[in-house]
Amino acid sequence: GWAHECLDDRIALRRARKNGKSGSGDGQNDAPPPPTIVVTANLAVDFRAPFREGSEAVVRVYHDGTEGRKIYFSAVLESLDGRVVFAEAKSLFVRVRLESVMGKKEKKGVEEDMKKEKQ
């Protein structure tokens with residue numbers, strides 16, 4: 001899934017840095033990939049039954065697929081026994097370059113946070 005892709009990218013970058021390279025190590029693109037984040041592009045919720053105060057429920061989330069930068073999920077909010085569906089949702093998330101959605105100051109702060117996570 002997309003989470004594995006993000007993790008694989010980070011692992012490959014760490015290995016390249018350990019080996020004294022700044023990028024993929026294949027000689028074609030030794031620059032590190034630009035920082036990206038995943039943003040919500042679309043979220044549609046269909047409410048099926050009332051969810052009363054004090055009720056308990058289970059949320060089931062499904063990764064429906066990834067096509068390039070697009071990541072598709074669906075979800076169901078249902079009763080513990082699965083007999084009542086309270087809501088169903090479909091969503092589209094898109095991976096975008098950090099610089100396209102943030103100003104320079106915000107971008108710098110996020111990049112610093114990402115560096116701290118890697119240490």
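Before reading further, recall that the structure is shown in the block above.
Here goes a summary of the coordinates provided. Worth saying up front: this structure is predicted, and the values here are computed from it rather than measured.

Rules and cut-offs
- Residues numbered from 1 in each chain as written.
- Predicted model: local features only at pLDDT ≥ 70, side-chain atom pairs only at ≥ 80, totals over all residues.
- Heavy atoms only, no water.
- Helix = DSSP H or I, 4+ residues; strand = E, 2+ residues; numbered from the N terminus.
- Buried < 20%, exposed > 50% of the residue type's maximum accessible area, 1.4 Å probe, protein only.
- Areas by Shrake-Rupley, 256 points an atom, 1.4 Å probe, with all protein chains shown as cover.
- Salt bridge = Lys/Arg side-chain N within 4 Å of Asp/Glu carboxyl O.
- Contact = heavy atoms within 4.5 Å.
- Pairing = 2+ DSSP bridges.

1. Observations regarding the overall build of the protein
Piece 1. A count of helical and extended segments in the protein gives 3 helices and 4 strands.
Piece 2. In the protein, which comprises 119 residues, the proportion classed as buried is 17%.
Piece 3. Accessible surface for the protein amounts to roughly 9100 Å². Of this, 51% is attributable to carbon and sulfur atoms.

2. So, the environment of Gly 82
Piece 1. In this structure, Gly 82 sits in the loop between strand E3 (70-79) and strand E4 (85-97).
Piece 2. Since its relative accessible area comes to 36%, Gly 82 is described here as partly exposed.
Piece 3. Taking the C-alpha atoms as reference, Gly 82 lies 8.3 Å from Val 58; in sequence the two are 24 residues apart.

3. Observations concerning the pattern of salt bridges
Piece 1. Applying the stated criterion across every chain yields a total of 4 salt bridges.
Piece 2. Among the ionic pairs, Arg 48 bridges to Glu 88, the shortest N-O distance being 2.9 Å. Taken together, the residues span a long stretch of sequence, with Arg 48 in the loop between strand E1 (36-47) and strand E2 (57-67) and Glu 88 in strand E4 at a distance of 40 residues.
Piece 3. Asp 81 is the partner of Arg 83 in a salt bridge, and the nearest nitrogen-oxygen pair spans 2.8 Å.
Piece 4. Arg 83 gets classed as exposed once you look at its relative accessible area, which sits at 72%.
Piece 5. Overlapping salt bridges, with partners in common, bring together Asp 46, Arg 48 and Glu 88 in one network.

4. Description of the side chain of Ser 79
Piece 1. Relative to the elements of secondary structure, Ser 79 occurs in strand E3.
Piece 2. The residues contacting Ser 79, other than those within four sequence positions of it, are Glu 56, Val 84 and Phe 86.

5. Focus: the environment of Thr 36
Piece 1. Within the secondary structure layout, Thr 36 lies in strand E1.
Piece 2. Overall, Thr 36 belongs to the partly exposed group, its relative accessible area being 32%.
Piece 3. A sequence separation of 75 residues divides Thr 36 from Glu 111, and the C-alpha atoms of the two residues are 9.9 Å apart.
Piece 4. Once residues lying within four places of it in the same chain are set aside, the contact partners of Thr 36 are Arg 95, Val 96, Arg 97 and Leu 98.

6. Side note on the pairing of E4
In the case of a regular strand, side chains alternate between the two sheet surfaces.
Piece 1. Taken together, the 11 bridges between E1 and E4 define a ladder with antiparallel strand orientation. Bridged to Val 38 within E4 is Arg 95.
Piece 2. By the bridge criterion, 9 bridges tie E3 to E4 in an arrangement that is antiparallel. For Ile 71, the partnering residue across the bridge sits in E4 and is Phe 93.
Piece 3. The hairpin formed by E3 and E4 contains 5 residues between the paired strands, and Gly 82 there has a positive phi angle of roughly 80°.

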